[in-house]
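Take a look at the letters that make up each chain.
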Amino acid sequence: MASPAPLVAELPGVMRTTGWSDYALLDSGGGRKLERYGPYAVVRPEPQAMWAPRLPGEAWAKADAVFDPSDDEDAGKWRFRGKPKESWPMAWGQVRFHSRFTAFRHLAFFPEQAANWAWLDERARAFRHGQPRILNLFGYTGVASLVCAAAGGHVTHVDASKKAVAWARENAALSGLEDRPIRWICEDARRYVQREVRRGSRYDGIILDPPKYGRGPDGEVWRLFEHLPELSALCAELLSENASFMLLNAYAERISGAALSSLMLSKLPSRPGVIDWGELTLVEQAADRQIGMSFYGRWSA
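Nothing here was measured: the structure is a model prediction, and the numbers come from that model. (Residues numbered from 1 in each chain as written. Predicted model: local features only at pLDDT ≥ 70, side-chain atom pairs only at ≥ 80, totals over all residues. Heavy atoms only, no water.)

Comments concerning helix 3 (residues 143-150)
Burial within helix 3 is extensive, with eight of its eight residues counted as buried. Of the positions making up helix 3, those classed as buried are Val 143, Ala 144, Ser 145, Leu 146, Val 147, Cys 148, Ala 149 and Ala 150. One or two positions beyond helix 3, positive phi appears at Gly 152, with a value near 105°. (Buried < 20%, exposed > 50% of the residue type's maximum accessible area, 1.4 Å probe, protein only. Helix = DSSP H or I, 4+ residues; strand = E, 2+ residues; numbered from the N terminus.)

Structural notes on the nonpolar core
Ranked by internal contacts, the top residues of the largest apolar core, which has 44 residues, are Tyr 37, Val 42, Phe 109, Trp 117, Leu 120 and Ile 207. Here this core takes seven residues from helix 3, the largest share from any one element. Those residues in contact with Trp 117 that sit more than four places away from it in its chain are Trp 20, Trp 92, Phe 109, Phe 110, Val 143, Ala 144 and Val 147. By size, the runner-up hydrophobic cluster in this structure holds 32 residues, among which are Ile 185, Leu 224, Leu 238 and Trp 299. (Core = buried A, V, L, I, M, F, W, Y, C linked by side-chain atoms within 4.5 Å. Contact = heavy atoms within 4.5 Å.)

Some details on the pattern of salt bridges
Following the criterion strictly, the structure yields 16 salt bridges and no others. For Asp 68, the salt bridge goes to Arg 79, with nearest N and O atoms at 2.4 Å. In this pair, Asp 68 sits in strand 6 (residues 65-69) while Arg 79 sits in strand 7 (residues 76-80), placing the two residues 11 residues apart along the sequence. For Asp 68, a relative accessible area of 29% puts it in the partly exposed group. For Arg 79, a relative accessible area of 47% gives the class partly exposed. Note that Asp 121 and Arg 125 form a salt bridge whose closest N and O atoms lie 2.9 Å from each other. (Salt bridge = Lys/Arg side-chain N within 4 Å of Asp/Glu carboxyl O.)

Things to note about helix 6 (residues 224-238)
Counted at 1.5 Å a residue, the expected span for helix 6 with its 15 residues is 21 Å, and the 20 Å between its end C-alpha atoms agrees. When we look at burial in helix 6, the residues that qualify are Leu 224, His 227, Leu 228, Leu 231, Ser 232, Leu 234, Cys 235, Ala 236 and Leu 238. Its buried side turned inward, helix 6 meets strand 10 (133-137), helix 5 (189-199), strand 13 (205-208), strand 15 (221-223), strand 16 (245-250) and helix 7 (257-267). (Expected span 1.5 Å × (residues − 1).)

A closer look at the packing of aromatic side chains
On inspection of all chains with the given rule, the structure shows 19 aromatic pairs. Relative to Tyr 23, the ring of Trp 20 lies with its centre 5.4 Å away and its plane at 40°, an arrangement referred to as tilted. What makes Trp 20 buried here is its relative accessible area of 15%. Here Tyr 23 falls in the buried class, since its relative accessible area comes to 1%. Look at Trp 20 and Trp 117: their rings are 6.3 Å apart centre to centre, the planes differ by 65°, and that puts the pair in the edge-to-face class. Taken together, the residues Trp 20 in the loop between strand 2 (13-17) and strand 3 (23-29) and Trp 117 in helix 2 (residues 114-126) connect sequence positions 97 residues apart. The exposure classification of Trp 20 matches that of Trp 117, with both residues buried. Geometry around Trp 167 places Arg 100 over its ring, the cationic atom sitting 4.2 Å from the centre. Across the ring face of Phe 225, the terminal group of Arg 254 is positioned such that the distance to the ring centre comes to 5.0 Å. (Phe/Tyr/Trp six-rings, centres within 6.5 Å; stacked < 30°, edge-to-face > 60°. Lys NZ or Arg CZ within 6 Å of the ring centre and 35° of its normal.)

Let's talk about the sheet that holds strand 4 (residues 32-37)
Taken in spatial order, the five strands line up as 3-4-5-6-7 in an open sheet, and their pairing is mixed. One side of each edge strand has no neighbouring strand; the edge strands of this open sheet are strand 3 and strand 7. Strand-to-strand twist across the sheet, computed as the mean angle between neighbouring axes with direction ignored, equals 20°. Where strand 4 meets strand 5 (residues 40-45), six bridges bridge the pair, whose relative direction is antiparallel. (Pairing = 2+ DSSP bridges. Axes fitted to C-alpha atoms, helices over the stretch in contact; angles between N-to-C directions.)

Focus on the pairing of strand 8 (residues 88-92)
Of all five residues in strand 8, four are buried, a share of seventy percent or more. Pairing between strand 8 and strand 9 (residues 95-99): five bridges, direction antiparallel. When the bridges of strand 9 are listed, Pro 89 appears paired with His 98. Hairpin connection between strand 8 and strand 9: a loop of two residues separates the two successive antiparallel strands, and Gly 93 in this loop has a positive phi of roughly 60°.

Below, the structure is given as structure tokens:
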């Protein structure tokens with residue numbers, strides 16, 4: 001008899017990331033957001049913030065760094081008041097990591113992912129079949145990998161950028177997790193997963209957080225809508241018999257949580273469990289306004 005298909009949540013969820021000791025969304029409005037990253041106040045573009053700012057203009061004017069966008073998506077330049085450090089330590093739970101001003105308007109991690117980090121921590125700690133083997137694709141600077149490692153996971157971290165993998169290893173050392181079982185792999189995610197399928201490898205949890213567009217170390221091209229169906233199918237083949245979860249997160253404007261849940265259902269037709277889906281948001285420190293940041297679909301056993 002075939003295994004039953006996973007149950008799909010009828011309604012979307014909203015995973016709200018509120019601030020913590022090292023991060024806060026201080027204010028938003030006028031197409032911008034004012035955030036605190038450790039000791040620094042930062043202003044970045046935010047087209048969704050169509051309302052008026054709550055704080056007075058003086059609070060925004062005191063920001064340590066402002067990102068001025070160019071016509072190219074995500075491109076632009078930082079303006080600084082004073083001379084902030086090149087990088088500085090931050091923390092979420094047991095994990096410590098460096099924040100820094102990158103050329104692509106973000107600060108070397110994505111704060112809204114804290115809601116996913118909490119879910120991953122819970123799933124890894126709840127695993128009851130030994131040490132869970134977890135694959136993190138497009139792992140960037142490694143915060144999710146380190147959350148899973150701190151929770152007892154044996155992690156394989158894959159990213160196409162040598163710089164990102166180097167930063168992830170620095171974050172592991174900063175967290176005191178450099179001796180945990182983490183494999184750091186600089187490779188195109190599709191190529192790596194194709195090889196893992198041929199090897200017959202299996203994982204108990206998979207994190208898939210792809211960009212809308214990217215390039216691998218050997219010039220491989222990644223296009224979300226073109227390549228995600230194949231990659232998610234290959235990831236489904238890698239799930240072990242006792243697998244605990246598969247998390248899919250995406251930032252593209254034309255994607256939705258509903259689409260991600262349907263994609264997961266099509267690739268996991270015989271996996272009992274639940275598929276929930278929805279949106280990740282950042283919540284202002286006054287706790288009433290929020291900004292939608294990305295969409296997720298996640299299967300859990």
